[in-house]
Amino acid sequence: MNALQRSGSDSMAQSPRSPTSQAPYLTVSVTDPAKMGNGVQAYISYKVITKTNFPEYQGPEKIVIRRYSDFVWLRDRLFEKYKGIFIPPLPEKSTVEKFRFSAEFIEMRRQALDVFVNRVASHHELQQSEDLRTFLLEDEQTMERERSQETGIFKKKPADFMQIFKDVQSKVSDVVLGKEKPVEESNPEYEKQKNYIFQLEDHLAEAQKHAYRLVKRHRELGQSLSDFGKAVKLLGTCEGNSLGKAFSELGAKSEMLSIKLQREAHHLLMSFEEPLKDYVRAVQSIKATIAERAIAFRNHCELAETIKFKEIDLNKLRLTRSEKLADAEREYEQLKADGKESKRKFETIVKLMNQEIARFQEQKTIDMGVAFHEFAKGQANLAKSIAEAWRSLLPKLEACSFFVQNPDA
């Protein structure tokens, strides 16, 4: 596991991979992916190993088998129950059959799932979740029952939560067109946070796009060197002298460098492109929380408005001594209670969001520093290997050139 993967597993809060017996710890490993079933029913299962000294886990180690839909279940439950907290993102689910069970895709998925569950386990509030304990402790049959019992919002896929944000955005359009009274927050600090998140998403997506191109270029260059190496080696067989030997060595070096380029392409993918893509997904999760905040604010404002109108109606009924007064007073008291609760929910989301934004920025600085360090180190090592390989051939090629130009020497 490279430095970024370790850092990513602890993103948004620190949790040691090598726990001591003294401090409380909860660490999780997602390992041993295995293909189960055949055809359209096939899926990948993972071994999830939990190590902890939390008393509620009733033992230092637990091993369970989980599939991707179990991770989706956990994320959906956390998103619904922990408003204001940035729920870590999950990797996308590939629908392309030829990629879905490739070794590289499976490893990328495993790594991303490992990062996801460790982010949850290291979060000071999410680690207390009963749903997390269910995910980490219960057998496969229990998990299957839990998934099958979900209704309503818990049936939504991770991508569906982004529709919430789109719905909020459509409200803005309605306001512009004069269809609806605006109920948007007028908070400068909140606007600053939103602008930061939206710009960060654009910049991360652009960086990830070019990282993808770098990976592709390394792979294409590696394949070209491999093809060139084979061709030059065949060319060398036509020569029986030192030139043929030099050609053979040139071909061998080309094939060796091809392997190095392919390895560096994989390293770039796992330690550079994938972390950037992970942060794009993380920002999308933050946007879903922003949407939840907007919904909470709108609900609070609408309830406050309803309470005002109810007060007017109540005063009218008191003046007329209407027989409906008692029912109206009960409704009014219930509305006031609902209003207090909606205000409490909104203020809780605001408080948590402020904390989460600060924590996210701090961890992002660490993770991006590691990602770009890995990128620079990999490129430097690759350039050094390429230079050394070609440099080692120069004397032999120069000797061949000398003998061709001076056959009597």
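Refer to the preceding data block for the structure.
Rules and cut-offs
Along every chain, residues carry numbers that run from 1 in the direction the sequence is written. It should be noted that, the model being predicted, local features are given only for residues of pLDDT at least 70 and side-chain atom pairs only at 80 or more, the latter also being counted only at that level, while totals for whole chains, interfaces and linings use all residues. Excluding hydrogens and water, the side-chain values take into account all heavy atoms of the structure. All axes are obtained by fitting lines to C-alpha atoms, using only the stretch in contact for helices, and the reported angles, taken between N-to-C directions, cover 0 to 180 degrees. Helix numbers and strand numbers start at the N terminus; a helix is a DSSP run of H or I with at least 4 residues, a strand a run of E with at least 2. Roughly parallel means an angle under 35 degrees; roughly antiparallel means over 145; roughly perpendicular covers 65 to 115; every other angle is labelled oblique. Left-handed is the label given to a crossing in which the near helix is rotated counterclockwise from the far helix by less than a right angle, and right-handed is the label when the rotation is clockwise. The residue classification treats Ala, Val, Leu, Ile, Met, Phe, Trp, Tyr, Cys and Pro as nonpolar and Asp, Glu, Lys and Arg as charged. All others, Gly included, are polar. Whether two residues touch is decided by their heavy atoms; if any such pair falls within 4.5 Å, the residues are in contact. The definition of a nonpolar core used throughout is a set of buried Ala, Val, Leu, Ile, Met, Phe, Trp, Tyr and Cys residues joined through side-chain atoms within 4.5 Å. Residue burial is assigned from relative accessible area. The probe radius is 1.4 Å, only protein chains are included, and a residue is buried under 20% of its type maximum, exposed over 50%, and partly exposed in between.

Asks: Describe the packing of helix 8 (residues 188–237) against helix 9 (residues 242–320), listing the residues and the values that go with them.
Replies: To characterise two packed helices, one gives the angle between the axes of the helices and the distance between these axes. Where helix 8 contacts helix 9, the two axes come as close as 7 Å, and the packing angle between them is 165 degrees. Taken together, the axes of helix 8 and helix 9 lie roughly antiparallel to each other. The two elements helix 8 and helix 9 cross, and the hand of that crossing is left-handed. Looking at the contact of helix 8 with helix 9 residue by residue, the classes come out as 32 nonpolar, 15 polar and eleven charged.

Asks: How would you summarise the packing of helix 2 (residues 68–81) against helix 4 (residues 103–122) if you had to cite specific residues and measurements?
Replies: Where helix 2 meets helix 4, the axes come as close as 12 Å, and the angle between the chain directions of the two elements is 30 degrees. One element, helix 2, and the other, helix 4, form an angle in the roughly parallel class. The interaxial crossing formed by helix 2 with helix 4 has left-handed handedness. The segment helix 2 lies against helix 4, with Y68, F71, L74, R75 and L78 engaging R109, L113, F116, V117 and V120. Tallied by class, residues from the contact of helix 2 with helix 4 come to eight nonpolar, no polar and two charged.

Asks: Could you give an account of the nonpolar core, naming the residues involved and the relevant values?
Replies: Ranked by size, the top nonpolar core spans 35 residues in total, and within it V48, F71, V117, F135 and L136 carry the most contacts. Of all the elements in the fold, those that place two or more residues in this core are strand 1 (26–36), strand 2 (43–52), helix 2, helix 4 and helix 5 (130–137). Element by element, the count of residues in this core is highest for helix 2, at seven residues. Setting aside anything within four residues of it in sequence, one finds F71 in contact with V30, Y46, V48, R66, L90, L113, F116, V117 and F135. L268, L269, I286 and I349 belong to the second-largest nonpolar core, a separate cluster that totals 31 residues.

In short, shape yes, function no, at least from these values alone.
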